[in-house]
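# Residue-level structural notes
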Amino acid sequence: MSIARRILVTWLLFGVAAVGVCLLAPLVGSTSISLLRVFDSSVPFAENADAQIFFVARLPRVLAGALVGSSLAASGVVLQALLRNPLATPFTLGVSAGAALGAMLALTLDLSSGIAGFSAVPIASFAGSLGAVAIVYGLARARHRGLSTNVLLLAGVTLNSFFSALILFVQFLSDFTQTFRTVRWLMGDLDVSSYAPLMAAAPPIALSFAAFAVLPRRMNLLSVSDESAASRGVDVHSTQRLAFLSASLATGAAVSLGGPVGFIGIVVPHLIRLMVGADHRLVLPASAFGGAAFLVACDTVSRTALAPLEVPVGVVTAIIGGPFFLWLLIKDR
Amino acid sequence: MTDSGLAANRISFAYGSRARAGQDSSAEVLDDVSAFVPRGGLVGILGPNGSGKTTLLRLLAGLMRPSSGRIVLDGVDLHTIPRSTVARRMAMVPQETQLAFDYTVLEMATMGRYPHLGAFEIEGPEDLAIAREALTATGTHHLASRLFNTLSGGEKQRVVIAGALAQRPDILLLDEPTASLDLAYQLEIRSILQKLNRERGLTIVVSTHDLNFAASLCRELVLLHQGRVLAAGATGSMLEPALIRKLYGVDVDITANPRTGHVTVIPVARAHEAPRT
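A brief structural summary. Each chain has its residues counted from 1, running along the sequence as written. All chains are assigned letters beginning at A, and all ligands numbers beginning at 1, according to the order in which they are written. Residue-level local features of this predicted model are given only where pLDDT is at least 70; pairs of side-chain atoms are given and counted only at 80 or more, and the full residue set underlies all totals for whole chains, interfaces and linings.

### So, the sheet that holds strand E1 (residues 5-13) of chain B
Residue and element names in this part refer to chain B. To keep things clear, this is the line we draw: Whether two strands pair comes down to DSSP finding at least two bridges between them. Put simply, DSSP H or I for four residues or longer makes a helix, DSSP E for two residues or longer makes a strand, and each gets a number counted from the N terminus. Contact criterion: two residues are in contact if their C-beta atoms, reconstructed from the backbone, are within 7 Å. Fitted lines through C-alpha atoms serve as axes, helices being fitted only where they are in contact, and the angles separating the N-to-C directions of these axes extend from 0 to 180 degrees.
Overall, antiparallel pairing links the 4 strands, which are arranged E2-E1-E4-E5 in an open sheet. In the strand order of this sheet, the two ends are held by strand E2 (30-38) and strand E5 (76-77), each with one partner. Summarising the sheet, E1 and E2 pair through 6 bridges and their orientation is antiparallel. Among the inter-strand pairings, alanine 8 is bridged to a residue of E2, identified as alanine 35. Its contacts with the sheet put helix H1 (residues 53-60) on E1, E2 and strand E4 (68-73), and the angle it makes with E1 is roughly 125°.

Structure representation (structure tokens):
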């Protein structure tokens, strides 16, 4: 099969799978509804209970899952290629810790009133993630002509611990309710009940995905070695910058929408590589679609498994992802 | 044409900030180095560890800019030529290739087509044919569907050379191509390079610290010592005991091998330990 055909088939198969999961997931829940009745155009929307449950009550949450899952999985692929390390995750470089610090401050200071109609927590968490990105990026560029991936990695890991310490310190001083709200946020939550949060997160994610579109072939070369990529005409420095900034932006937006949902960014890319191989022109789109399908499926489990109790979706992905990650570590070694 | 080829014209280079260059010449890795690789040539850059071989090779490949002096390709300053144009003319084989991801051998060879394709262009049948032909030229076509990471060191090196050939360059630069290979693989790489030079007219530049590898492969040598050119010229005239003693600090016996006709260098002792004659 030619390379062009493999790319086309990958887009189609994984695209159809993702759309399929997103259409089926809203049918599952306390009230069972039918897809046929949802799209029955003979009944006006105001009288179509199934359509209302589908579009108003459940679809926003499913789309949030798709957006978050797709961003985290695709960012994972990009960062793994950039760091030449298949064990990197979207949270390795400190973005999520920055977001958590921002969210925690908003929750603790009780900024529930919000800013310009948007609630404060996602804004604070997005700002926190951008702050972390700026610090890590600044450090990795200092004293280097390009972007030092070593400094990137070490600065990210250090920042993660540092921000976690700040979060624990503020938690220690806070009262029980505030602490619980922060802990709950850290577990990841896709409880989105309107389209407004989606609209807020979509632009940065769209911008990142536009950058992802130009990256795959360059990432193939870059993941072999900087030197061979450069000798083949890849602008190594600008590619590294674009990869880091776009992956961080998508991660920051995803975390501000759904919280730091773990393991998507590593489990999905690895599963996809087992299926399609290592070529990033296949891995990146397949992971974006696969991440959407995986998180939407996990979220469906999280809201139905112990219904009416809702298991935090980050707990579900971690319970599935943790053992899988350990298996990856010992596989083929 | 006398300037047809790749030339280093009085280049100096220091790692670290470029602002520092020129102030402290002791920090320089290369100091006023000139070298010329004629079209169709087979040139070795020979020197001990730390003499600046790899740096010179990277500068010749245009991967870094010299702090002073110029690299000139067929009479044109290399840094005025767009990177993708350079990549269609010159290919580089790094010393060792370690992969974090499981690319197949064919994928590794096909990546060499990068400089020939537009931003969103996908390799077509012609590109795949070129990549497969490059694998054949290095005797690795039977490995095409294998994962690169499962190959032996010698097979990996040949696949990386195939990837470079898929770029369809006129000039191939290799950094210590046999440094981590055992004897049989060294001979194999040597015969592949000789064949490429002879049959395709490929210009080849290799950096190496291995005297006998250089002696049996290269027609011309540039001897590099502490970032300066110690001597340069035809291989036969470079392999003189006095020069080798200066280059490596080792006393050697040099004999012509009766079976191959190549000059063979046998280290005898560290120069300071050598008995006075």
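### Observations regarding the interface of chain B and chain A
Applicable threshold: The nonpolar class holds Ala, Val, Leu, Ile, Met, Phe, Trp, Tyr, Cys and Pro. Asp, Glu, Lys and Arg form the charged class, and all remaining residues, Gly among them, are polar.
Taken together, the contact pairs 23 residues of chain B with 22 residues of chain A. Looking at the side of chain B that touches chain A, the elements that each hand over two or more residues are helix H2 (83-89) and strand E6 (90-93) of chain B. Sorting elements by how many residues they give to the side of chain B that touches chain A places H2 of chain B first, with 3 residues. When the residues that make up the side of chain B that touches chain A are grouped by side-chain class, the tally is 16 nonpolar, 3 polar and 4 charged.

### Details of the packing of helix H8 (residues 196-214) of chain A against helix H11 (residues 236-258) of chain A
All names here are of chain A. Under the convention used in this document: In these notes the angle categories are as follows: under 35 degrees is roughly parallel, over 145 is roughly antiparallel, 65 to 115 is roughly perpendicular, and the rest is oblique. Crossings are sorted by hand: turned counterclockwise from the far helix by less than a right angle, the near helix makes the crossing left-handed, and turned clockwise it makes it right-handed.
Put simply, H8 and H11 touch, their axes get as near as 9 Å, and they point 160° apart. Judged by the inter-axis angle, H8 sits roughly antiparallel to H11. Taken as a pair, H8 and H11 cross one another with a handedness that is left-handed. The segment H8 lies against H11, with Pro197, Ala201, Pro204, Ile205, Leu207, Ser208, Ala211 and Phe212 engaging Leu242, Ser246, Leu249, Ala250, Ala253, Ala254, Ser256 and Leu257. Considering only residue class, the contact of H8 with H11 consists of 13 nonpolar, 3 polar and no charged.

### A closer look at helix H4 (residues 95-108) of chain A
Rules: An expected span of 1.5 Å times one less than the residue number is assigned to each helix.
The end-to-end C-alpha distance of H4 of chain A is 20 Å, a good match for the 20 Å that 14 residues give at a rise of 1.5 Å each. Just downstream of H4 of chain A lies aspartate 110 of chain A, where phi reads positive at about 55°.

### Digging into H1 of chain B
Counting along an α-helix, one turn takes 3.6 residues, and residues three or four places apart therefore face a common direction. Residue and element names in this part refer to chain B. Heads up, the condition is: Burial in this document is a count-based property: other C-beta atoms within 10 Å of a residue's C-beta are tallied, and the residue is buried at 20 or more, exposed at 12 or fewer, or partly exposed in between, with C-beta positions derived from the backbone.
By the criterion of burial, H1 is predominantly enclosed, with 7 of the 8 residues buried. Of the residues making up H1, those classed as buried are Lys53, Thr55, Leu56, Leu57, Arg58, Leu59 and Leu60. Phi turns positive one or two residues past the end of H1, at glycine 62, with a value near 80°.

### Some thoughts on the sheet that holds strand E3 (residues 42-46) of chain B
Residues and elements named next belong to chain B. Taken together, the 6 strands give an open sheet; going across it, the order is E6-E7-E8-E3-E9-E10, and neighbouring strands pair in mixed fashion. On the outer flanks of this sheet lie E6 and strand E10 (228-234), each paired with one strand and no other. Along the sheet, successive strands turn relative to each other by an average axial angle of 15°, direction set aside. The pairing of strand E9 (residues 220-225) with E10 spans 6 bridges and is antiparallel. Paired with leucine 223 across the strands is alanine 231, a residue of E10.

### Structural notes on the pairing of E4 of chain B
Residue and element names in this part refer to chain B. Bridge analysis of E1 against E4 gives 5 bridges, and the strand direction is antiparallel. Opposite serine 12, over in E4, you have serine 68 as the bridge partner. Between E4 and E5, which pair antiparallel and follow one another directly, the connecting turn spans 2 residues, one of which, aspartate 74, has a positive phi of 45°.

### Here's the deal with the nonpolar core
The criterion, for reference: As used here, a nonpolar core is made of buried Ala, Val, Leu, Ile, Met, Phe, Trp, Tyr and Cys residues. They are joined through C-beta atoms within 7 Å.
Membership of the largest hydrophobic core comes to 172 residues, with the highest contact counts inside it found for Val78 of chain A together with Leu60, Ala109 and Leu173 of chain B. Examining the composition of this core, we find that 15 residues originate from one element, helix H3 (residues 49-83) of chain A, more than from any other. In contact with alanine 109 of chain B, not counting residues within four places along its chain, are Ala131, Ala134, Leu135, Val159, Ala162, Gly163 and Ala166 of chain B.

### Looking at unusual backbone geometry
All names here are of chain B. Positive phi is not limited to glycine here, since aspartate 32 has a value of about 55°. One can find aspartate 32 in strand E2. Residue classification places aspartate 32 among the partly exposed residues on the basis of 14 C-beta atoms within 10 Å. One non-glycine residue, aspartate 74, lies in the positive phi region at around 45°. Mapped onto the fold, aspartate 74 is located in the loop between E4 and E5.

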